[in-house]
Protein chains: 2
Amino acid sequence: MSSNRIKQVSSVDVARLAGVSRAAVSRTFSNNGYVSDVTREKVMLAAKQLGYRVNHLARSLNRQRSDLIGLVVADLENPFRSQQINDLSEAILAKNYRPFLIPTSVARDSTQVIEMLMHYCVSGVIITSDTPPEDIYKNCIEQSVPVVLINKKDKYPQVDRVVCDNEKGIALLVEAFVQRSCKRVVIIGSEAVSYSIQMREALFKEQAAQAGIETDTILGPNHDYQGGVVAANILSNQANLPEGVFCCNDYLALGVIDQLRERIGHTETEKIAIAGFDDMQQASWKSYQLTTIRQPTQDMASQTINLLVSRIGDPEQASRTYRTDVFLVKRTSL
Amino acid sequence: MSSNRIKQVSSVDVARLAGVSRAAVSRTFSNNGYVSDVTREKVMLAAKQLGYRVNHLARSLNRQRSDLIGLVVADLENPFRSQQINDLSEAILAKNYRPFLIPTSVARDSTQVIEMLMHYCVSGVIITSDTPPEDIYKNCIEQSVPVVLINKKDKYPQVDRVVCDNEKGIALLVEAFVQRSCKRVVIIGSEAVSYSIQMREALFKEQAAQAGIETDTILGPNHDYQGGVVAANILSNQANLPEGVFCCNDYLALGVIDQLRERIGHTETEKIAIAGFDDMQQASWKSYQLTTIRQPTQDMASQTINLLVSRIGDPEQASRTYRTDVFLVKRTSL
DNA sequence: TTGTATGCGTTATCAT
DNA sequence: ATGATAACGCATACAA
């Protein structure tokens, strides 16, 4: 008789071969409870011979936690976003958890996301979409699943946040515009909802005013390359061009630069001081050389998982906010 | 007494409330076996009241398959790669499987990747790294875990492949160079190992020769932006510049264009016909307007998951190769 | 230090 | 069509 499904080697097989009990095997592999050196040796040997691996499904079922971390993410096509995901999944693995990727498109509503998270008993959830439906994390805390929000506005009991220091970043940029003695700067934002974008827009307006800089705001339909293109079209139609342009993120900035060059030419564009925010990879490309604010994605990632692990250990603690440090990356665009 | 762990509502709770057996609950939710309409109604009602969700951990343990698809991926910072991941994870979800993200960095060796895959009893594996250590998929087929390789060379019994039609793509490009009546074209490749890159390099050389085009090859250290920059430096030092440049992927091409502009100026660069391959998002940016070959990532993704699902259903079938269609995206660079 | 027994939540088999 | 029961593989409380 041939079963098409290969019988998985389990702890009983190892126990039998090693001449010990299943419990001994379990203890050696979970590093829990007492097990003598000689027993451990026997178990390890038998395990190696049989090619035994702990079944995490069974372990999770028993322990009532999966060590899976739900990674709820939108806009994976955004290079800055994929940078975040890269660093986050590395950080998750470094802490011995596993990343469970959940892309949220417009097509998939939050209910399905929640279902997926719950079906697999995730140990925690990281949300890094621009506009995370709040039912997602409300549901999570209701089921007492720890949540960390990245660059999100909402304060919510029992959910932690990691945000980048927009205040400091904007201050650095305003100072840079001041040093270029810009009297008027146009802010490029987005109509689409995003905590980061809208906050930076407001902060820049405020801090620029204090520095005696006149501002004006143009919104693209979105905060991506195409949004920047649209905004630049509007900008280039204005009677007089500003001395400076601040784009609420790099993605917008690249579109703005490209379209400005097309509309008013390279040399005219070069006269305008342009800055972005995030320091995505493409900002350093020679076609752009964009002056911007670096968001340290690795630090952000490790702090995120730190908060999450800490909350998994103690779910009841008060919510915390970690603010990542930022700094100015000065290139030729400003 | 207060247990800090909330008791998860299970099928027994639903069964009790609905006044039926656990089996009935199981059958309604797994759509397996007979269940009368009235019973189903009762079960669904009770489930809703209790907020019951099937525990996929337990289900997987019982069924001996997790419905998790391991997504083994390197270079997530590469925008084309993240595009692939985006489409793949969508396709996986569409087929009711779950993406299990496994980034492979240099730091993490293949053993750990294999361990992760096996620990979670993944139902299948998709590998889309440039240089997948072959022990990964050897191990997989040894444990009879279905594997699909994307744009990889290796033919291996029982593993399927999805490759893009490099032959056709190169043919289209060579024809474009011919129409521009280029007599000499420099090929920009990479020293780093990559099936796609090296294959395109060889194909272009061969097909160009047949078309009477003289070729010359320059290798960057890597097939990314920086690699293109390095290659362009070498190129610009050559005695006489070629009429055309073919870069084995867009990522290289963008670096080549930028560095060429810096070294020989915009106008000189414009005289050179430049083409890439992949059609990554940035290729369409106005600074580049790169003529290239479109790899249809969505089609690729859905074919990949189709092959995988089919093999999950019948693991013993002979290996297949699906070749995705490609087409020329003509922009101003050529 | 080790072994025994029980439970985690589901599904599949076999009766009824 | 429905219900009891035995797995699935592991971890732990308890006894020894």
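### Remarks on the overall build of chain A
Phase 1 of the analysis: Helix and strand counts for chain A come out as 13 helices and 12 strands.
Phase 2 of the analysis: For chain A, the spread of C-alpha atoms along the principal axes amounts to about 85 × 40 × 40 Å.
Phase 3 of the analysis: Per-residue burial over chain A gives 55% buried out of 334 residues.
Phase 4 of the analysis: Sequence-distant contacts, at least 24 apart, represent 71% of the contacts inside chain A between residues at least 6 apart.
Phase 5 of the analysis: A total accessible area of about 14,100 Å² is found for chain A, and carbon and sulfur atoms account for 49% of it.
Phase 6 of the analysis: Once the 37 positive and 37 negative side-chain charges of chain A are each reduced to a mean point, those two points are 9 Å apart.

### What to know about helix α4 (residues 56-63) of chain A
Because each turn of an α-helix spans 3.6 residues, side chains separated by three or four positions end up pointing in the same direction.
Phase 1 of the analysis: Those residues of α4 of chain A that fall on the buried side of the exposure criterion are His-56, Leu-57 and Ser-60 of chain A. Buried residues of α4 of chain A, viewed axially, fall in a sector of 105°; they line one side.
Phase 2 of the analysis: Where α4 of chain A is buried, its residues meet β2 (98-103) of chain A together with α4 (56-63) and α6 (110-119) of chain B.
Phase 3 of the analysis: Taking the backbone nitrogen of Leu-57 of chain A as reference, a side-chain oxygen 2.8 Å away marks Asn-55 of chain A as the first, capping residue of α4 of chain A.
Phase 4 of the analysis: Gln-64 of chain A, located one to two residues past α4 of chain A, shows a positive phi value of around 65°.

### Considering the relation of the copies chain B and chain A
Phase 1 of the analysis: With an RMSD of 0.1 Å, the operation that places chain B on chain A is a rotation of 180° combined with a shift of 0.0 Å along the axis. Each copy turns onto its partner about a two-fold axis.
Phase 2 of the analysis: The residues that chain B uses at the interface reappear at the interface of chain A in 100% of cases, marking a shared surface.

### Focus on the side chain of Asn-86 of chain A
Phase 1 of the analysis: Mapped onto the secondary structure, Asn-86 of chain A falls in helix α5 (residues 79-94).
Phase 2 of the analysis: Residues in contact with Asn-86 of chain A, not counting those within four places in the same chain, are Leu-76 and Glu-77 of chain B.

### Brief notes about the protein's contact with DNA strand D
Phase 1 of the analysis: In the vicinity of DNA strand D, 30 residues are found, and the nearest of them are Ser-11, Tyr-52 and Arg-59 of chain A together with Ser-36 and Thr-39 of chain B.
Phase 2 of the analysis: Atoms of DNA strand D within 4 Å of the protein: sugar and phosphate make up 58%, bases the balance.
Phase 3 of the analysis: The separation between a base nitrogen of DNA strand D and a polar side-chain atom of Arg-27 of chain B is 2.8 Å.
Phase 4 of the analysis: In this structure, a phosphate oxygen belonging to DNA strand D sits 2.5 Å away from a main-chain N or O atom of Ser-36 of chain B.
Phase 5 of the analysis: Contributing elements (two or more residues each) for the surface near DNA strand D: α2 (22-30) and α4 of chain A together with α2 (22-30) and α4 of chain B.
Phase 6 of the analysis: For the surface near DNA strand D, the class distribution of residues is 10 nonpolar, 12 polar and eight charged.

### Considerations on the packing of aromatic side chains
Residues and elements named next belong to chain B.
Phase 1 of the analysis: The tally for this structure, following the rule as stated, stands at 15 aromatic pairs over all chains.
Phase 2 of the analysis: Ring geometry for Phe-29 against Tyr-52: centres 5.2 Å apart, planes inclined by 70°, an arrangement best described as edge-to-face. Highlighted residues: Phe-29 in helix α2 and Tyr-52 in the loop between α3 (37-50) and α4, separated in sequence by 23 residues.
Phase 3 of the analysis: We classify Phe-29 as partly exposed; its relative accessible area is 25%.
Phase 4 of the analysis: Residue Tyr-52 is classed as buried on the basis of its relative accessible area of 14%.

### Here's the deal with the pairing of strand β6 (residues 184-190) of chain A
Residue and element names in this part refer to chain A.
Phase 1 of the analysis: Most of β6 sits out of view: seven of its seven residues are buried.
Phase 2 of the analysis: The two faces of β6 match: Arg-184, Val-186, Ile-188 and Ser-190 on one face and Val-185, Ile-187 and Gly-189 on the other face are all buried.
Phase 3 of the analysis: The sheet contact formed by β6 and strand β7 (residues 214-220) spans seven bridges and is parallel. Paired with Val-186 across the bridge in β7 is Asp-216.
Phase 4 of the analysis: Crossover β6 to β7 through helix α9 (residues 195-210) is right-handed.
Phase 5 of the analysis: Pairing of β6 with strand β8 (residues 244-247), which is carried by four bridges, proceeds in the parallel orientation. Following the sheet pairing, Val-185 is matched in β8 by Gly-244.

### Comments concerning the packing of helix α1 (residues 11-18) of chain A against helix α3 (residues 37-50) of chain A
Residues and elements named next belong to chain A.
Phase 1 of the analysis: The contact between α1 and α3 brings their axes to 8 Å, and the two run at 120°. Taken together, the axis directions place α1 and α3 in an arrangement best described as oblique. Here α1 and α3 pass one another in a crossing that is right-handed. Contacts between α1 and α3 involve Asp-13, Val-14, Leu-17 and Ala-18 from the first element and Lys-42, Val-43, Ala-46, Ala-47, Gln-49 and Leu-50 from the second.
Phase 2 of the analysis: By residue class, the composition of the contact of α1 with α3 is seven nonpolar, one polar and two charged.

### Overview of unusual backbone geometry
What you tend to see is this: most non-glycine residues have negative phi, and most peptide bonds are trans.
Phase 1 of the analysis: A positive phi angle, close to 45°, is found at Gln-289 of chain A, a residue other than glycine.
Phase 2 of the analysis: Topologically, Gln-289 of chain A is positioned in the loop between β9 (273-275) and β10 (292-294).

### Description of the nonpolar core
Phase 1 of the analysis: Residues Phe-177, Phe-204 and Phe-246 of chain A together with Phe-177, Phe-204 and Phe-246 of chain B are the most contacted members of the largest nonpolar core, which totals 96 residues.
Phase 2 of the analysis: Not counting residues up to four positions away in its chain, the partners in contact with Phe-246 of chain A are Ile-170, Leu-173, Phe-177, Val-185, Val-186, Ile-187, Ile-188, Arg-200, Phe-204, Ala-275, Gly-276 and Phe-277 of chain A.
Phase 3 of the analysis: Of all hydrophobic cores here, the second largest spans 46 residues; its members include Cys-140 of chain A together with Leu-57, Leu-68 and Val-145 of chain B.

### So, the interface of chain B and chain A
Phase 1 of the analysis: Taken residue by residue, the interface counts 57 residues in chain B and 57 residues in chain A.
Phase 2 of the analysis: Of the roughly 5,400 Å² buried where chain B meets chain A, counting both sides, 57% is carbon and sulfur surface.
Phase 3 of the analysis: Among the residues chain B hides against chain A, the three largest losses belong to Arg-53, Leu-57 and Tyr-120 of chain B. Together they make up 15% of the total.
Phase 4 of the analysis: Remark: the boundary between chain B and chain A carries two salt bridges.
Phase 5 of the analysis: Ionic pairing is found between Glu-115 of chain A and Arg-53 of chain B, a salt bridge with its closest N-O pair at 2.7 Å.
Phase 6 of the analysis: For the pair chain B and chain A, the interface holds 20 residue pairs in polar contact (both at pLDDT 80 or more).

### Comments concerning the environment of Val-54 of chain A
Phase 1 of the analysis: With respect to the helices and strands, the residue Val-54 of chain A is situated in the loop between α3 and α4.
Phase 2 of the analysis: Its relative accessible area of 12% is what places Val-54 of chain A among the buried residues.
Phase 3 of the analysis: Here the alpha-carbon distance between Val-54 of chain A and Val-25 of chain A, two residues 29 residues apart in the chain, equals 9.9 Å.
Phase 4 of the analysis: Those residues within four positions of Val-54 of chain A in sequence are excluded, and the remaining contacts are Phe-29 and Arg-59 of chain A together with His-119 of chain B.

Each value, and the rule that gives it
- Positions within a chain are numbered from 1, following the residues in the order the chain's sequence is written.
- Numbering of ligands from 1 and lettering of chains from A proceed in the order in which they are written.
- Where local features are concerned, this predicted model is filtered to residues with pLDDT of at least 70; where side-chain atom pairs are given and counted, the filter is 80 or more; whole-chain, interface and lining totals use all residues.
- Note that the side-chain values use all heavy atoms of the structure and ignore hydrogens as well as water.
- Strands are runs of DSSP state E lasting at least two residues, helices are runs of H or I lasting at least four, and both sets are numbered from the N terminus onward.
- The classification of residues rests on relative accessible area computed with a 1.4 Å probe and restricted to protein chains. Under 20% of the type maximum is buried, over 50% is exposed, and intermediate values are partly exposed.
- Only heavy atoms enter the contact rule, under which two residues are in contact if any of them lie within 4.5 Å.
- Surface exposure here means Shrake-Rupley accessible area, sampled with a 1.4 Å probe, where a residue is shielded only by the protein chains that are shown.
- Counted charges follow a simple rule, with Lys and Arg positive, Asp and Glu negative, and His plus the chain ends left uncounted.
- For the purpose of locating charges, the reference atoms are NZ of Lys, CZ of Arg, CG of Asp and CD of Glu.
- Throughout, the arc means the angular range of directions from the helix axis out to the C-beta atoms.
- In the analysis that follows, any N or O atom pair within 3.5 Å is treated as a polar contact, provided that within protein one partner can donate a hydrogen and the other can accept it, and provided that, for residues neighboring in sequence, both atoms belong to side chains.
- We place the copies in one frame by least squares, fitting the C-alpha atoms of every residue whose pLDDT is at least 70 in both.
- The criterion for a residue being near a molecule or strand is simple. One of its heavy atoms has to lie within 4 Å of it.
- The residue classification treats Ala, Val, Leu, Ile, Met, Phe, Trp, Tyr, Cys and Pro as nonpolar and Asp, Glu, Lys and Arg as charged. All others, Gly included, are polar.
- Between rings of Phe, Tyr and Trp, where Trp is taken as its six-membered ring, a pair exists when centres lie within 6.5 Å; planes separated by under 30 degrees are stacked, by over 60 edge-to-face, and by other angles tilted.
- A strand pair is defined by DSSP finding two or more bridges across the two strands.
- The handedness rule is simple: strands pointing away from the viewer, and a clockwise path from the first strand over the helix to the second, make the crossover right-handed.
- Note on geometry: axes are lines fitted to C-alpha atoms, helical ones only across the stretch in contact, with angles between N-to-C directions running from 0 to 180 degrees.
- Here is the rule for angles: anything less than 35 degrees is roughly parallel, anything more than 145 is roughly antiparallel, 65 through 115 is roughly perpendicular, and the remaining ranges are oblique.
- Each crossing is labelled by how the near helix is turned from the far one, with a counterclockwise turn of less than a right angle marking it left-handed and a clockwise turn marking it right-handed.
- To qualify as a nonpolar core, a set must consist of buried Ala, Val, Leu, Ile, Met, Phe, Trp, Tyr and Cys residues joined through side-chain atoms within 4.5 Å.
- Once two parts are brought into contact, the accessible area they lose, counted with a 1.4 Å probe and summed over both, makes up the buried area.
- The salt bridge criterion pairs a side-chain nitrogen of Lys or Arg with a carboxyl oxygen of Asp or Glu, the two atoms within 4 Å.

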